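# Chains, contacts and geometry: an overview
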Amino acid sequence: MTSVIEPDLSSPDGTDGESTDPWHRSPAVDDRVEALLSGMTPAEKIELVTGDINVDYGFYKAPLARLGIPALTMCDGPSGVRINKRSVNGGRATALPAPIALAATWDPVLAARYGDVLGAEAFATGHNVFLGPAVDIARVPVGGRTFESFGEDPLLQARLAAPVIRGIQSHPVQATIKHYAVNNQEHHRATVDAEVDERTLREIYLPPFEAAVRNGDVAAVMGAFNKVNGDFACENRLLLTDLLRRQFGFRGWVMSDYGANHSTAESANAGLDQEQPGAGHWGQQLRQALDDGRVSPATLDEMVRRILRPTVGLGLLEHPVEIGPLPEDHSRVSREIAEAGIVLLKNDGGLLPLAGDTVRSIAVIGPDADEAVFGGGSGLVNPVHTVSPLDGIRRRAAAGTIVEYLPGTDPLSAGALLPGPDPVPSSILTPEGGDGSELGLHAEYWTNTGFTGDPHLVRTDLQVDLNLGFFNFPGFNAASAKLPEIPTELTGQMSARWTGTLTAPADGDYELSLTWLGTARLYVDDQLLIGLAASAQDIAAPTASPTSLYPYGQLVLQGAASEPETVTATVRLLADRPRPIRIEYAADSPEQGFLTGAQIRFGWRPPNGVRSPSVTAAAALAARCDTAVVVVRAYESEHADRPGLHLPNGQDELVRAVGEANPRTVVVLTTGGPVDMTNWHDRPAALLQAWYAGQEQGSAIAAVVFGDVNPSGKLPLTFPRSLAESPIRTAEQYPGVDGTVRYTEGILVGYRGYDVLQLDPLYPFGHGLSYTAFAYDDLTISSPDPSDGTVAVSFVVRNTGERTGTEVAQLYLGTLPGEVPTPPRQLAGFAQVTLDPGQSQRVTLSVARRSMSYWHVAAGGWVTPPGPVAIEVGTSSRDIRLVTTIVVPATGQ
Ligand code: BGC
């Protein structure tokens, strides 16, 4: 027995928070747009819809001065303004915490402030279009852009995206929701076809975009690179016209992501409105299509209207951008959001907060703990200033407390995105020609692939762990600032040679490896260990040739031809015997160039129990101090997913060693997503997830560590125990087979999947501890409101501990009645409540009809099946404190 079919069942995020007078419902705006349009020539219309390459902006559209239409000056996002024009504020803007950190606050009020900072700074730095926020659902645990969006749940994404957009657009700046749609992996993002069923699209991937339109009044949408069900997103009529325009009511414009438009008439007729960054398939070709009748004048007019509507409606014609100083208090906003987003994952024995007066010495450890770290790619912001975790702890520690720092492992670069064994640490390498005290290898780089002529660059490299191409674009590289830059002449094809010695920390059998794309050879003692002894030009891909085996051991090949190969050989090394090392490498495969550049790593696997001297030193420091704080990081960026969930560059071993040396160890994770902690999770007493916490990250981490701030962040995505223990389990699902990635898990994304598959995550969705404790009580529910079907759920939260704290109370709905399978638990609401010790407060949440519904494909609408549904209230998706049942009435009752 069912049920109404409603195509447009309330708002997707369960709120009705629409503006009273949005640009897209204003007759005055429409009139003005018509007046402008009627004065435009066909050439001007084509001009407006075709982007212009301009080095000063993310994307750019030159002004139509005759008509008073300003330039569209665009900047990336999403976690601050990425200023391409170095003359503006030295290219610097406030680096907010990454959106995933904002998501961990679960706080729409902070989201609005976040958006306000973005809009104000975009405008003050000469931009009137902001390329963000992003609402790509975190589907795969290794996703490279997880840090740029709001996690794995559509309701949480929707509730945060809308206020961010409104904050941006409270200035004369258009927000752009991206990447529409189903852009959930970076692996082969430009070509991959995401095969996803309609119900999943409707329930999981589209609601945040829908909310951006309906509740955020977003001006612009960025079409994704990937295909969706066979058609590129930028020429996907279903997505761009049927859903976005006809069903969600979007009246703004869609721009292509960078080069994501693949056609002329197809994309224009499907609903794309502006090609970016320049004329690839539009411009003259669109003119031709117009002349041939493949694109109608009416279609072109509609494209122009859509661009002009928010441009006019948000006041861009009256308010030309004004470059000026950045508002003073933005750094404080950045810090507040960073503090609110830190998640206390574990706190055995109440190690945290550290009592300033009893801790006399603190060892701060971590490869980049002495700098602020950020996610890379187009989302990388050049910060106004930074506070590193080390700075933050030093400043906050009590007078007289000794704070000592050791990195333990080498600084991180985009090399961390390569697969294969970790790179050989610099603490066992000595460069050729050095004075014996220097670490690393002597490096020579050529701009040709044949090692010919004078090298372009000569220096000492700590490690051989290069990943250039896209990651070496100026302003995109999130490598440690301690590493010298690689000149852009070496971004694409090149060659390099590294020479020096390797001294083992102990006698034993070591695996040495090369991971590379192109041509590579490793010599030990002048003998070829890995690679073929032919000239660079002759070698396309290495094979298990006998020459490679001599004289050391077994050769192991892994990987596909166009992915980097890893070859491993076992070598017996003695502690007192330095061994000459030479690595020759050419980035010379045909696919290497502008995007995929040099990829080479010299890796190792030491015998069990053998540690590098730098790890041993860090552990010794930790043992000498009262407490150790280990700050570990990942390298994440668009253009690649992480190769796995382990911490890169020897950090797993570092955490384990420090945790063994001092049980009073706190681990701070500065990553955008989950980490496999199998190797060390039992060691440190306390664990904080700090994300990429923006320019004030050190202050925020220190505030939580010392208890000035009581942590209240909750995970916006599940942390699995390992990659194998997530709902994404087949190669079809990820990374895809033959260019197609099949979303066979359907709606069972994130915690929905962990619940149905009965997987036991390390930390579940919604998890986050506090220095105080909360009790839940007295759950009541109203009957559904006859006007819109919403249900009011009310309960009491009490602070039962000894500190003031904030709880994010979460409300989940259980399986819906009827035959159609639905997940056992879905987020339907949440609220913050800040309570003093002993204080309690009643919280009332409204559950939208949409949350009690599923998408009925055959009927093309939302169905609310009648019958009993569990209402669960708790402190995480796996820590439910109160349960009751609501009986959803049949229609009309
Ligand atoms: C990214 C977009 C970004 C654009 C412009 C693309 O590579 O996917 O998110 O806005 O570049 O920088």
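I will try to describe carefully the structure that is included in this document. (Residues numbered from 1 in each chain as written. Predicted model: local features only at pLDDT ≥ 70, side-chain atom pairs only at ≥ 80, totals over all residues. Heavy atoms only, no water.)

Take the sheet that holds strand E12 (residues 361–365) next. In space, the six strands of this open sheet follow the order E11-E28-E27-E26-E12-E13, with mixed pairing throughout. Each of the sheet's edge strands pairs with one partner strand only, and the pair in question is strand E11 (343–347) and strand E13 (402–406). Pairwise comparison of adjacent strand axes, ignoring direction, gives a mean angle of 15° for this sheet. On top of the sheet, helix H16 (residues 651–661) reaches E12, strand E26 (627–633) and strand E27 (665–670); it is set at about 170° to E26, its chief contact. (Pairing = 2+ DSSP bridges. Helix = DSSP H or I, 4+ residues; strand = E, 2+ residues; numbered from the N terminus. Axes fitted to C-alpha atoms, helices over the stretch in contact; angles between N-to-C directions. Contact = heavy atoms within 4.5 Å.)

A few words on the side chain of Gln-733. Assignment of secondary structure puts Gln-733 in the loop between helix H17 (697–705) and strand E29 (740–742). Assessed through its relative accessible area of 4%, Gln-733 is described here as buried. One polar contact links the side chain of Gln-733 to the main-chain carbonyl oxygen of Pro-727, over a distance of 3.3 Å. Here Gln-733 is in contact with Arg-139, Pro-727, Ile-728, Val-741, Arg-742, Thr-744 and Glu-745, once residues within four sequence places are set aside. (Buried < 20%, exposed > 50% of the residue type's maximum accessible area, 1.4 Å probe, protein only. Polar contact = N/O pair within 3.5 Å; in protein donor to acceptor, adjacent residues only side chain to side chain.)

What follows deals with the site of the ligand. The environment of the ligand is formed by 13 residues, the closest being Asp-76, Arg-145, His-179, Asp-257 and Glu-638. In this structure, Asp-257 approaches the ligand through a side-chain N or O atom, which is 2.6 Å from an oxygen atom. Within the complex, the protein chains bury 95% of what would otherwise be the 310 Å² of accessible surface of the ligand. Each residue belonging to the shell around the ligand can be placed in one class, and the counts come to four nonpolar, two polar and seven charged. (Near = heavy atom within 4 Å. Areas by Shrake-Rupley, 256 points an atom, 1.4 Å probe, with all protein chains shown as cover. Nonpolar A, V, L, I, M, F, W, Y, C, P; charged D, E, K, R; others polar.)

Keep in mind that most residues, glycine aside, have a negative phi and that most peptide bonds are trans. For the bond from Lys-178 to His-179, the omega torsion is 0°, close enough to zero to count as cis. Along the chain, His-179 falls in strand E5 (residues 174–180). For the bond from Gln-276 to Pro-277, the omega torsion is 5°, close enough to zero to count as cis. Examined against the element boundaries, Pro-277 turns out to sit in the loop between helix H9 (265–270) and helix H10 (284–292). Positive phi is not limited to glycine here, since Phe-451 has a value of about 60°. Along the polypeptide, Phe-451 turns up in the loop between strand E15 (441–446) and strand E16 (457–461). In this structure Phe-451 comes out as buried when scored by relative accessible area, which is 16%. Backbone geometry at Asp-526 places phi at a positive 70°, although glycine is not the residue there. Here Asp-526 lies in the loop between strand E20 (519–524) and strand E21 (527–530).

Inspection of every chain in the model, using the stated rule, returns 21 aromatic pairs. Note on Tyr-445 and Trp-498: the rings are 5.9 Å apart at their centroids and 85° apart in plane angle, and the pair reads as edge-to-face. Placement of Tyr-445 in strand E15 and of Trp-498 in strand E18 (residues 494–502) is noted, with a sequence separation of 53 residues between them. Overall, the relative accessible area of 0% leaves Trp-498 in the buried class. On the numbers, 6.0 Å between centres and 25° between planes, the contact of Tyr-776 with Phe-795 is stacked. A residue pair is termed long-range when its members are at least 10 positions apart, and Tyr-776 in strand E30 (residues 774–781) and Phe-795 in strand E31 (residues 791–799) qualify at 19 residues. Each of the two residues, Tyr-776 as well as Phe-795, counts as buried. Taken together, Phe-470, Phe-471, Phe-473, Phe-476, Phe-594 and Tyr-635 form an aromatic cluster joined through their ring pairs. (Phe/Tyr/Trp six-rings, centres within 6.5 Å; stacked < 30°, edge-to-face > 60°.)

Right, let's talk about the environment of Leu-647 for a bit. One can find Leu-647 in the loop between E26 and H16. The spacing of Leu-647 and Ala-416 is 231 residues in sequence and 8.9 Å in space, taken between C-alpha atoms. Once you skip the residues sitting within four places of it in the chain, Leu-647 turns out to touch Val-632, Arg-633, Asp-652, Val-655, Leu-669, Val-675 and Trp-680.

Time to look at the pattern of salt bridges. For the structure on display, the rule yields 63 salt bridges. Residue Glu-210 is joined to Arg-214 by a salt bridge in which the shortest nitrogen-to-oxygen separation is 3.0 Å. You can see Glu-210 and its partner Arg-214 sitting in helix H7 (residues 207–214), four residues apart, about one turn around the helix. Across this residue pair, the class does not change: Glu-210 and Arg-214 are buried. Salt bridges sharing partners connect three or more residues here, namely Asp-30, Glu-34, Arg-245, Arg-251, Asp-273, Glu-302, Arg-305, Arg-306 and Arg-309. (Salt bridge = Lys/Arg side-chain N within 4 Å of Asp/Glu carboxyl O.)

Further remarks concern H17. Buried residues dominate H17, accounting for nine of its nine residues. Those residues of H17 that fall on the buried side of the exposure criterion are Gln-697, Gly-698, Ser-699, Ala-700, Ile-701, Ala-702, Ala-703, Val-704 and Val-705. Of the surrounding secondary structure, the elements contacted by the buried residues of H17 are helix H12 (330–341), helix H13 (389–396), E27 and strand E28 (686–689).

With respect to the element layout, Thr-50 can be found in the loop between helix H2 (42–49) and strand E2 (60–61). A polar contact is formed between the side chain of Thr-50 and the backbone oxygen of Ile-46, at a distance of 2.9 Å. In this view, Thr-50 contacts Lys-61, Gln-274, Glu-275, Gly-278, Ala-279, Trp-282 and Gly-283; residues no more than four positions away in its chain are not counted.

So, about the pairing of E28. Taking every second residue as pointing to the same face, both faces of E28 are buried, with Ala-686 and Leu-688 on one and Leu-687 and Gln-689 on the other. Note: E11 against E28, four bridges, orientation antiparallel. Considered in E28, the bridge of Val-343 is made with Gln-689. Of the strand pairs in this sheet, E27 and E28 are connected by four bridges, and their pairing is parallel. Bridge assignment links Val-666 to a residue of E28, and that residue is Ala-686.

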